[in-house]
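# A structural walkthrough
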Amino acid sequence: MKIEQGQVAVVTGAGSGIGQATAVLLASRGVVVALADINESGMAETARRIAKTGSHSSQHVVDVGNRKQMEAFARSVESAHQRVDIVINNAGIGILEDFVDNSLDEFQKVVDVNLWGVVYGAKLFLPLMRRQGSGHIVNISSLAGIISTPGMVSYGTTKYAVRGFSESLRIELAEYGIGVTSVHPGLIGTNILKVNRSADARLHERLIEWFDRWGRPPELVARKLVRGIERNRMRVLVTPETYVMDFAKRMVPATAERLSGFVLERIKLAGNPDYRADREKRRTAQRPDPAAANRQTGS
Ligand SMILES: NC(=O)c1ccc[n+]([C@@H]2O[C@H](COP(=O)([O-])OP(=O)(O)OC[C@H]3O[C@@H](n4cnc5c(N)ncnc54)[C@H](O)[C@@H]3O)[C@@H](O)[C@H]2O)c1
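As a starting point, this report considers the structure included with it. Counting from 1, residues in each chain are numbered in the order their sequence is written. Predicted model: local features are reported for residues with pLDDT of at least 70 only, side-chain atom pairs are reported and counted for 80 or more only, and whole-chain, interface and lining totals are derived from all residues.

### Describing the overall build of the chain
What counts, and what does not: Under the DSSP-based scheme used, a helix requires at least four consecutive residues in state H or I and a strand at least two consecutive residues in state E, with every element numbered from the N terminus. For a compact globule the rule gives 2.2 Å times the number of residues to the power 0.38, and the radius of gyration it is set against comes from C-alpha atoms. Exposed residues have 12 or fewer other C-beta atoms within 10 Å of their own C-beta, buried residues have 20 or more, and residues in between are partly exposed; the C-beta atoms are placed from the backbone. In this description, any two residues whose backbone-derived C-beta atoms lie within 7 Å of each other are considered to be in contact.
Counting its secondary structure elements, the chain contains eleven helices and seven strands. Against the compact-globule benchmark of 19 Å for 299 residues, the chain has a radius of gyration of 21 Å, which places it among compact chains. Burial analysis of the chain (299 residues in total) assigns 42% to the buried set. Within the chain, contacts between residues separated by at least 24 positions form 73% of all contacts whose residues are at least 6 apart in sequence.

Put into structure tokens, the structure is as follows:
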């Protein structure tokens, strides 16, 4: 789809990182942007940067995982802007925790934001796009939607789901003139790890340092994403590690998965050489003492 002055884009998670960079880039092309985030101050910063481009924005405090809030968001975008040409379903969270330790509530939260947020964003803005007979939906997946991420099973589950959702939706919506693209960034220097806690604080701190040091800028994702819309790409890969893993996964899938597991394990050990022992200590502390349980039941 051609990006033109006066179009309207919805960007979720627009208060930081990839969402902020994408909102500002679209605004610099003359697009009016409806920003959504739970982080009001981040969104205000994005709006300030958009104002400098000469375009303008509306700001909406929305939890993308909450259906009622997303329905209200879609209504207020319609009344503020009357149309929507581009939807960027970007808001996302990642919890760095093994499935064994992850609570069901934490898993549910990741699914609510990373998957339901994307489904709501696509479904609720679709009627406007259908009325116009054009539009483009971009869903942010990840390298974790291409190769497994042991240690972040909840995250990987949602990112594979976002890719599957996008690929099916793309075929369905083609007849309405609406494009769908999934985007797969690798390591990007944003706040994603900073906002969530992790059971292994030492490892978490080191990963944050590495994301800051080695992560590619979110503006790179924004540029590739916008090009993906213009060329109506099924998917957009960003950063060399994503290309390498995508190629390996097609050529030698089982070896690629073993390699991914090995690399992630090495990364964890480099971040915290005692990570296996620390993990065992945490798990032992959580396990009920069998002697105490026997005393309670009187056996
Ligand atoms: N940073 C990376 O290396 C990387 C790699 C691959 C994919 N991604 C994906 O890119 C997307 C953007 O992440 P980012 O790296 O820019 O992180 P970020 O933390 O810098 O930005 C995410 C934004 O989403 C907002 N958000 C979180 N939960 C929300 C909710 N429930 N409702 C509304 N807004 C919410 C946050 O407040 C934040 O402003 C995510 O979907 C993430 O999974 C990031």
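Right, picking up where we left off after that structure.
### Here we look at the pairing of strand β5 (residues 135-140)
Using the following cut-off: Strand pairing requires that DSSP identify at least two bridges connecting the strands. Handedness is read with the strands pointing away from the viewer; a crossover is right-handed when the path from the first strand over the helix to the second is clockwise.
The element β5 is extensively covered by neighbouring structure, given that six of its six residues are classed as buried. Side chains Gly-135, Ile-137 and Asn-139 of β5 all project onto a buried face; the interleaved residues His-136, Val-138 and Ile-140 project onto the opposite face, where all are buried too. Strand direction decides the pairing type here: strand β4 (residues 86-89) and β5, joined by four bridges, are parallel. In the sheet register, Asn-89 faces β5, and the bridge partner there is Asn-139. Handedness of the β4-helix α4 (residues 104-132)-β5 crossover: right-handed. Two elements, β5 and strand β6 (residues 178-185), share six bridges in a ladder whose sense is parallel. Paired with Ile-137 across the bridge in β6 is Val-180. Traced from β5 through helix α5 (residues 153-174) to β6, the parallel crossover comes out right-handed.

### Observations concerning the environment of Arg-49
Structurally, Arg-49 is set in helix α2 (residues 40-53). With 15 C-beta atoms packed within 10 Å, Arg-49 lands in the partly exposed category. Distance from Arg-49 to Val-32, taken between C-alpha atoms, is 13 Å for residues 17 residues apart in sequence.

### Some thoughts on the site of the ligand
Applicable threshold: All residues are tested the same way: a C-beta atom is placed from the backbone, and lying within 6 Å of a molecule or strand makes the residue near it. Charged residues are taken to be Asp, Glu, Lys and Arg, nonpolar residues to be Ala, Val, Leu, Ile, Met, Phe, Trp, Tyr, Cys and Pro, and polar residues to be all remaining types, Gly included.
The environment of the ligand is formed by 33 residues, the closest being Gly-13, Ser-16, Gly-17, Gly-92 and Thr-190. Ranked by the residues each element gives to the shell around the ligand, the list is headed by helix α1 (residues 17-28), at three residues. The class makeup of the residues in the shell around the ligand is 15 nonpolar, 16 polar and two charged.

### Thoughts on the packing of α1 against α2
Convention followed: Fitting a line to C-alpha atoms yields each axis, with helices limited to the stretch in contact; the angle taken between N-to-C directions then spans 0 to 180 degrees. Oblique is the label for any angle not covered by the other classes, which are roughly parallel (under 35 degrees), roughly antiparallel (over 145) and roughly perpendicular (65 to 115). Working rule for handedness: look at the near helix, and if it is turned counterclockwise from the far one by less than a right angle, call the crossing left-handed; if clockwise, right-handed.
Two elements in contact, α1 and α2, have axes separated by 9 Å at closest approach and are oriented at 20 degrees. Relative to α2, the element α1 lies roughly parallel. For the pair α1 and α2, the crossing hand works out as right-handed. Taken together, the residues of α2 that come into contact with α1 (itself represented by Gln-20, Ala-23, Val-24, Ala-27 and Ser-28) are Gly-42, Thr-46, Arg-49, Ile-50 and Thr-53.

### Regarding the pairing of strand β2 (residues 32-37)
A large share of β2 lies buried, amounting to six of its six residues. In terms of handedness, the path from strand β1 (residues 8-12) via α1 over to β2 forms a crossover that is right-handed. Pairing geometry for β2 and strand β3 (residues 57-61), over five bridges, is parallel. Residue pairing across strands places Ala-36 opposite His-60, the latter belonging to β3. A crossover connection joins β2 to the parallel β3 through α2; in handedness this β-α-β unit is right-handed.

### Details of the sheet that holds strand β7 (residues 235-238)
Spatially, β3-β2-β1-β4-β5-β6-β7 is the arrangement adopted by the seven strands of the open sheet, whose pairing is parallel. In this open sheet, the two edge strands, each paired with only one partner strand, are β3 and β7. When strand polarity is set aside, the average angle formed by the axes of neighbouring strands in this sheet is 15 degrees. Here helix α8 (residues 240-251) sits on the sheet in contact with β6 and β7, set at roughly 120 degrees to β7.

### Observations regarding unusual backbone geometry
With phi around 65 degrees, Gln-82 is a residue other than glycine that occupies positive phi space. Summarising the element assignment, Gln-82 is placed in the loop between α3 (67-81) and β4. For Gln-82, a count of 10 C-beta atoms within 10 Å gives the class exposed.

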